[in-house]
Amino acid sequence: SDGGDVSPGCSSVSGYCGEQTIVIEKSHLLDGLPGEDVDVTFFPTHASRFTVRPAHSLSSVNDQYLTTWNLSVHDQLTVIRITGTPAGGDVVETTVTNLVTLEQHSPPVSETAGSGDCVAFGETLGPPPCIHSGDFRMLEAIWRDNSLWSAASAVCTPPGDSTDRSCAHLVEVATDGQPSLVQDIMFGASGEYFSWPSIRTDSSGNLFVSLTHTSPSIFAEASVVGRLASDPPNTMSALTVLRAGEIAHFSGRWGDYLGVAVDPADPSSVWLIGQYAKADGAVRWGTYIGCASFTTFGCGLATPTPTPTATPCPDNDGDTICDGVDTDDDNDGCTDVAELQTALGSEFTGGRRDPLDFWDFFDPNRDRAVSLGDFLAVLARFGSVGDPGIDPLSPVPLAPAYHTRYDRTGAPPGANPWQAGPPNGSIGLTDFLALLAQFGHSCAAPDPTPTALPSATPTPTATPTPLTTPTSTVAPLDGSVSIRNSSWYVDIIGAIWVVGEVVNGLDHPAALVEVSVDLYSASNTLIDTGNGIACVITMASGSDSPFTVLVIGPPPDVDHVVVQVTDFLEPPFFIIDPPIVDLDAAITNVFTDSIGFRHAVGTVVNNSPSTYELVQPCLAFYNAAGNVVRTGSTFTNPITLAPSQMGTFEAFVDAEGVSIVTERVWVNANYAD
């Protein structure tokens, strides 16, 4: 497509007012033209449309297809085709609204196994536990070779069931000629729940669906279903589990991390991203990545013709790890302390599968686990090139600069499938595939020479006030709203975090306190800016609040940071709640886990006569000098607290490379009464 399509909704004081499609000249965006020189076409607002999804075009086409459900006619699918370009002045929208489908309504919550209350929609609904199934809106649309598929969560009553469940609604429309309905599938099963479908077709038109599956006897799990293009209409394959759920989930939020993508090197295979309830001791959700294919040789699991390989290393005990590496036969794939007595090499990489090969354990952020953080670190440098001979232990420049720590090649001939080769000078798809081969692997051995994040250092402020004790919340009434105890640091993907406290020295409350940061080079040149809001929305007179400002993709030559308060609201607040009172929070335990994350566990008790919802503990972590070096926030379980009710919380932050000596907690919430 030569145009980029955006379909925003709009709102007014009285409520939703419709959807408007905007077509932007793609070449102008790619050329980086100024905004006033970019050609744009605006279509009228449609009150009957809601959440219009532009279809991902998986084969060559000049037109752009979009789909949506009619806002008021619940069995009507709308298909939109846009032709032409803004630069050519010939953009035309053609709409088909007479495609009748199974009725599309918002699904109920998806019940899961476990004990506890269902938390959804910001409310505690009572047992059993559940996850949010979403609503009736379109989630995704794809187009390939005149086949247009759409997907959404929906309510249905499966055959043999008498109860409404969450199901996956999948609709195929043929677009050669006048669009026509080909398949209308409501995927569900008696007593079970399916939600958040994400879809792709491979090069042969076979459909793959990544979705969440639950039941009263199953924790939320990542699953996949599909169908061959040659299968009978309106049929699907049996369910396959990508990753089983491990625990009940209580955050009230779900569905952000599902997706499917066609493998560019093997278009008969797709990579699936699924979400499951993970027993991680914190947020209780995990992301799992897997490959699927309907072909014999898909996903790189086999090759049509055998290729001669070298003799593999000895593995007489059959644990898939070289005997010389796994000398204590613990089958953990790591060179740990017990094995160092007999294996050559050292632990300076933080634990790896083969001590003779530095490049074997692909752990870019060096937290001794191949996890999502490593994907983000590589993603931040995707497309960069450089010298593959750079010492992997040399200092790492800020993203997106190249460094060998983020660069791998595939397993050499005769190697184990999880092995990776040395860098090739460019960071791209091969590096992500190498990460996938080791994803989830971890080593518990300590790293004697860790690469720490830059230590948090105080940033210049107008009049910094030393923190005498981190437990004090009383601020002097000096007639200002100011900053104290601030610092900044750079994370593993090169983003800059500025953290600290906002102090309300006014004799009345202050709300929505805005904090701005300016990033300077060594020559004192302003090179970037950022802003954020204090965690406590309405601050009482004499109180304080932690703040966090995140600057993503800053220039690499940041030397110092200046932080200041730039705006806040004063009474009367009108629609903003007054300061929160009688929500008493306490930290009951703190600990640092095996991969360097600092955890704070505690309780919040509602000692007021009011009910509070969206109860959010905000935390600050301090060094010995009294500066805030990390911040974090989470929600209580349950998320709504009635009078005299207690909620629990656990928040954690990456504490590698920084010394934390104490913590504080504040509480933010909304009045429900």
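The structure presented is a predicted model; accordingly, all values stated were derived computationally and were not measured.

Visitor: Now, about the overall build of the chain: what can you tell me, with residues and values included?
Guide: Within the chain, the secondary structure is distributed over 3 helices and 39 strands. Here the chain holds 673 residues, and the buried ones make up 49% of them. Sequence separation of 24 or more characterises 59% of the internal contacts of the chain that already satisfy a separation of 6 or more. Carbon and sulfur atoms make up 56% of the accessible area of the chain, which amounts to about 29,100 Å² in all.

Visitor: Outline the pattern of salt bridges, listing residues and values.
Guide: Using the criterion set out here, one finds 11 salt bridges in the structure. In this structure, the salt-bridge partner of Arg49 is Glu93, at a minimum N-O distance of 3.2 Å. One end of the pair, Arg49, is in strand E6 (residues 49-54); the other, Glu93, is in strand E10 (residues 92-100), with 44 residues separating them in the sequence. Side by side, Arg49 and Glu93 carry an identical accessibility label, which is buried. Among the salt bridges present, the one from Glu663 reaches Arg598, with a minimum N-O distance of 2.8 Å. One end of the pair, Glu663, is in strand E39 (residues 662-671); the other, Arg598, is in strand E35 (residues 597-606), and 65 residues separate them in sequence. Each member of the pair, Glu663 as well as Arg598, carries the same accessibility label: buried.

Visitor: If you had to explain the confidence of the model for the chain to someone new, which residues and values would you point to?
Guide: Looking at the chain as a whole, the pLDDT averages 79, with 78% of positions reaching at least 70. Across residues 301-313 the pLDDT falls below 50, and counting only partners more than four positions away or on other chains, this stretch makes 10 contacts in the model. For the stretch residues 444-474, pLDDT sits under 50, and the model shows 76 contacts to residues farther than four places along the chain or on other chains.

Visitor: Would you mind going over the nonpolar core in detail, with residue names and values included?
Guide: By size, the foremost hydrophobic cluster in this structure holds 30 residues, and its most contacted members are Ile496, Val498, Val502, Val513 and Phe547. Secondary-structure elements contributing two or more residues to this core are strand E27 (481-490), strand E28 (496-504), strand E29 (510-520), strand E32 (544-551), strand E33 (560-569) and strand E36 (612-622). Of all the elements, E29 adds the most residues to this core, at 5 residues. Counting residues in hydrophobic clusters, the runner-up holds 18 residues, among them Leu619, Phe621, Leu641 and Val667.

Visitor: Any details on the state of the cysteines? Residues and values, ideally.
Guide: On inspection of all chains with the given rule, the structure shows 3 disulfides. With its sulfur 1.9 Å from that of its partner, Cys156 forms a disulfide with Cys167. On the sign convention where negative means left-handed, the S-S torsion of about -45° between Cys156 and Cys167 marks this disulfide as left-handed. Linking Cys156 in strand E16 (residues 147-156) with Cys167 in strand E17 (residues 165-174), this pair joins segments that are 11 residues apart in sequence.

Visitor: I'd like a description of the side chain of Arg200, backed by residues and values.
Guide: Relative to the assigned elements, Arg200 resides in strand E19 (residues 193-201). Within the structure, Arg200 has its side chain in polar contact with the backbone oxygen of Val260 (distance 3.3 Å). Filtering out sequence-adjacent residues up to four positions away, Arg200 remains in contact with His56, Leu58, Glu140, Ile142, Asn206, Leu207, Phe208, Val260, Ala261 and Val262.

Visitor: Just give me the short version of the sheet that holds strand E37 (residues 628-633), but keep the residues and values in it.
Guide: Taken in spatial order, the 3 strands make up an open sheet running E37-E36-E39, and their pairing is antiparallel. Both outer strands of the open sheet, E37 and E39, are each paired with one neighbouring strand and no more. Averaged over all pairs of adjacent strands, the angle between their axes in this sheet comes to 20°, without regard to strand direction. Bridge analysis of E36 against E37 gives 5 bridges, and the strand direction is antiparallel. Each bridged residue has a counterpart across the sheet, and for Leu619 the counterpart in E37 is Gly632.

Visitor: I'd love a proper account of helix H3 (residues 429-438), names of residues and values included.
Guide: For H3, the full list of buried residues reads Asp431, Phe432, Ala434, Leu435 and Gln438. Down the axis of H3, the sector holding all buried residues measures 160°, keeping them to one side.

Visitor: Describe the pairing of E37, listing the residues and the values that go with them.
Guide: Of all 6 residues in E37, 5 are buried, a share of seventy percent or more. If you look at the hairpin formed by E36 and E37, you'll find 5 residues sitting between the two strands, and Gly626 has a positive phi there, around 90°.

Visitor: Just give me the short version of the environment of Gly281, but keep the residues and values in it.
Guide: Mapped onto the elements of the fold, Gly281 is located in the loop between strand E24 (269-276) and strand E25 (286-293). Accessibility expressed as a relative area gives 39% for Gly281, which makes it partly exposed. Expressed as a C-alpha distance, the spacing of Gly281 and His599, which sit 318 residues apart in the sequence, is 9.4 Å.

Reading the values: rules and limits
- Residues numbered from 1 in each chain as written.
- Predicted model: local features only at pLDDT ≥ 70, side-chain atom pairs only at ≥ 80, totals over all residues.
- Heavy atoms only, no water.
- Helix = DSSP H or I, 4+ residues; strand = E, 2+ residues; numbered from the N terminus.
- Buried < 20%, exposed > 50% of the residue type's maximum accessible area, 1.4 Å probe, protein only.
- Contact = heavy atoms within 4.5 Å.
- Areas by Shrake-Rupley, 256 points an atom, 1.4 Å probe, with all protein chains shown as cover.
- Salt bridge = Lys/Arg side-chain N within 4 Å of Asp/Glu carboxyl O.
- pLDDT = per-residue confidence, 0-100.
- Core = buried A, V, L, I, M, F, W, Y, C linked by side-chain atoms within 4.5 Å.
- Disulfide = S-S within 2.5 Å.
- Polar contact = N/O pair within 3.5 Å; in protein donor to acceptor, adjacent residues only side chain to side chain.
- Pairing = 2+ DSSP bridges.
- Axes fitted to C-alpha atoms, helices over the stretch in contact; angles between N-to-C directions.
- Arc of directions from axis to C-beta.

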